[in-house]
Amino acid sequence: MVAMKVLFIGGTGNISSAASELASTRGMDVTLLNRGQSRRAPADGVEVLRADISDATAVDAALAGREFDVVVDMIAFTPDQVQRDIDRFEGRTGQYVFISSASAYQKPVAHLPITESTPLRNPYWQYSRDKIACEDLLTRAYRDRAFPVTVLRPSHTYDKWTIPAFGGWTAIDRIRRGEEIIVHGDGTSLWTLTHASDFAVGFVGLLGNSLAYGDTFQITSDFVYTWNEIYSILGRAAGAEPKLRYATSAAIERAAPERAGQLTGDMAHSVVFDNTKIRRVVPDFNPTVALHHAANELISWHDAHSELQRLDPGLNALFNELIG
């Protein structure tokens, strides 16, 4: 049997690292196309091609006319980037997988749980509106020309390389030093966290799967927490109980306009997802990694890698301003 050829554009983020490793483990012929600047090493047996996807000449040289059964773009965020992929890969791949975002669902959410049929509308966050526009473009390409697209909508996905909380390592550092951290709202809104290893099972199960062509799938876990619980779990793993100070999402975004929409368009809302659809198409999808299982590993991993302990002076200043 000839191995399925899968190209990941990007391939070294928390989603794509887990997915490309699992795909390779399952016998797929996996190639990554990226600039080679990530700290994460690719999985054994994975081919890496060096090129910046925005440099058409370099990409042409790297791919050298090759065709793939599946192309996954992990770093397409705007319609012009998606159109670039359509122009390049139409007729050269059996499936194109676009990574959208669960933040594209209507805000505020009209009802829970969220399903793939929940309307897309986010008037608060440009990132989400761009993802919606990308989906619209791909839907037209599928309907008009049968472009073989599959759209995935992950929510908040993490692994040991990433701190799944507003503030990242800066928040962990403050917790350890006994400093207060800012939490939006009153910390009781519901938030779904998905470990990348769980996401990868659903993801890889859709590669080359004819049931996924022309369709959309959200892939999240069933582990739901309040933000108070998230910080408490991370704090315990870091060896200290967090001191929480609350502020409205609007107040935080006024003080940090560069983060406009990140809270009001996503994290401030309760999000709970119905994963019936992905389970029906990928029966082995069954998330098992809860945050209280993963927290010790991710804190220990950061403690062992000083280069990951990046502090954000601007975020520290923001927290101090809001506390003050």
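A few points on the structure.

The rules behind these values
- Residues numbered from 1 in each chain as written.
- Predicted model: local features only at pLDDT ≥ 70, side-chain atom pairs only at ≥ 80, totals over all residues.
- Heavy atoms only, no water.
- Helix = DSSP H or I, 4+ residues; strand = E, 2+ residues; numbered from the N terminus.
- Rg over C-alpha atoms; globule rule 2.2 N^0.38 Å.
- Areas by Shrake-Rupley, 256 points an atom, 1.4 Å probe, with all protein chains shown as cover.
- Lys, Arg positive; Asp, Glu negative; His and termini not counted.
- Charge placed at Lys NZ, Arg CZ, Asp CG, Glu CD.
- Pairing = 2+ DSSP bridges.
- Axes fitted to C-alpha atoms, helices over the stretch in contact; angles between N-to-C directions.
- Salt bridge = Lys/Arg side-chain N within 4 Å of Asp/Glu carboxyl O.
- Buried < 20%, exposed > 50% of the residue type's maximum accessible area, 1.4 Å probe, protein only.
- Contact = heavy atoms within 4.5 Å.
- Expected span 1.5 Å × (residues − 1).
- Core = buried A, V, L, I, M, F, W, Y, C linked by side-chain atoms within 4.5 Å.

**So, the overall build of the protein chain**
1) Next: When helices and strands are tallied, the protein chain shows 12 helices and 12 strands.
2) Next: Here the C-alpha radius of gyration of the protein chain, 20 Å, is about what a compact globule of 324 residues would show, namely 20 Å.
3) Next: Taking the principal axes of its C-alpha atoms as reference, the protein chain extends roughly 60 × 45 × 40 Å.
4) Next: When the accessible surface of the protein chain is totalled, it reaches about 13,800 Å², and 49% of it is carbon and sulfur.
5) Next: For the protein chain, the separation between the mean place of its 31 positive charges and that of its 39 negative charges on side chains is 2 Å.

**Section: the sheet that holds strand β7 (residues 156-158)**
1) Next: The sheet built from 3 strands is open, its strands ordered β7-β9-β11 with mixed pairing. Of all the strands in the sheet, the pair left with one neighbour each is β7 and β11 (224-226). Each strand axis lies, on average, 45° off the axis of its neighbour in the sheet, ignoring direction.
2) Next: Relative to strand β9 (residues 190-195), β7 is paired through 3 bridges, and the arrangement is parallel. Bridged to Thr 157 within β9 is Thr 194.

**A look at the pattern of salt bridges**
1) Next: If you walk through the whole model with that rule in mind, you get 15 salt bridges.
2) Next: Salt-bridge contacts for Asp 173 lead to Arg 177; the nearest nitrogen and oxygen are separated by 2.8 Å.
3) Next: Among the residues examined, Asp 173 registers a relative accessible area of 18% and is labelled buried.
4) Next: Of the charged contacts in the structure, one is a salt bridge between Lys 277 and Asp 215, with a shortest N-O distance of 2.7 Å. On the criterion of sequence distance, the pair formed by Lys 277 in helix α10 (residues 276-281) and Asp 215 in strand β10 (residues 215-219) is long-range, its members being 62 residues apart.
5) Next: A relative accessible area of 17% places Lys 277 in the buried class.
6) Next: Exposure remark for Asp 215: the relative accessible area of 27% places this residue in the partly exposed category.

**With respect to the pairing of strand β4 (residues 68-73)**
Each regular strand shows side chains that alternate between the opposite faces of the sheet.
1) Next: Judged by how many residues are buried, β4 sits mostly within the fold: 5 of 6 residues are covered.
2) Next: Here strand β1 (residues 5-9) pairs with β4 via 4 bridges, running parallel. The partner of Leu 7 across the bridge, within β4, is Val 71.
3) Next: Judged from the 5 bridges that link them, β4 and strand β5 (residues 93-99) form a sheet pairing that is parallel.

**Let's talk about the sheet that holds β5**
Pairing between sheet strands relies on hydrogen bonds along the backbone, with the strands arranged either parallel or antiparallel.
1) Next: Here we have 7 strands laid out as an open sheet, ordered β3-β2-β1-β4-β5-β6-β10, and parallel in their pairing. Of all the strands in the sheet, the pair left with one neighbour each is β3 (47-50) and β10. Across the sheet, the mean angle from the axis of one strand to that of its neighbour is 20°, orientation sign disregarded.
2) Next: Two elements, strand β2 (residues 29-34) and β3, share 4 bridges in a ladder whose sense is parallel. For Leu 33, the partnering residue across the bridge sits in β3 and is Leu 49.
3) Next: Against the sheet, helix α2 (residues 56-63) touches β1, β2, β3 and β4, its axis set at about 145° to β3.
4) Next: Where helix α3 (residues 79-89) meets the sheet, its contacts fall on β1, β4 and β5, and the angle it forms with β5 comes to roughly 170°.

**Here we look at helix α4 (residues 126-145)**
1) Next: Between its terminal C-alpha atoms α4 stretches 28 Å, which fits the 28 Å expected from 20 residues at 1.5 Å a residue.
2) Next: Packed against the buried residues of α4 are α3, β5 and β6 (149-154).
3) Next: The first or second residue beyond α4 is Ala 146, which carries a positive phi of 60°.

**Quick notes on the environment of Ser 38**
1) Next: In this fold, Ser 38 is placed in the loop between β2 and β3.
2) Next: Considered as a pair, Ser 38 and Glu 180 are 142 residues apart in the sequence and their alpha carbons are 32 Å apart.

**Description of unusual backbone geometry**
1) Next: For the bond from Lys 107 to Pro 108, the omega torsion is -5°, close enough to zero to count as cis.
2) Next: Looking at where Pro 108 falls in the secondary structure, it is placed in the loop between β5 and α4.
3) Next: For Ala 64, which is not a glycine, the phi torsion comes out positive at approximately 45°.
4) Next: Considering the arrangement of structural elements, one finds Ala 64 in the loop between α2 and β4.
5) Next: At Ala 146, a residue that is not glycine, the phi angle is positive and equals roughly 60°.

**Re the nonpolar core**
If you look at soluble globular proteins, the nonpolar side chains tend to sit buried side by side.
1) Next: The biggest cluster of nonpolar side chains holds 44 residues, and the ones touching the most others in it are Ile 163, Phe 166, Ile 172, Ile 230, Leu 234, Leu 291 and Ile 299.
2) Next: Contributing elements (two or more residues each) for this core: α5 (168-176), β8 (180-184), β9, α7 (227-238), α9 (263-267), α11 (291-304) and α12 (313-323).
3) Next: Per element, the largest residue contribution to this core is 7 residues, and it comes from α7.
4) Next: Sequence-distant contacts of Ile 163, that is, excluding residues within four places in its chain, are made with Gly 168, Trp 169, Ile 172, Leu 234, Leu 298, Ile 299 and His 302.
5) Next: Listed in part, the 32 residues of the second largest apolar core include Val 6, Met 28, Val 30 and Ala 212.

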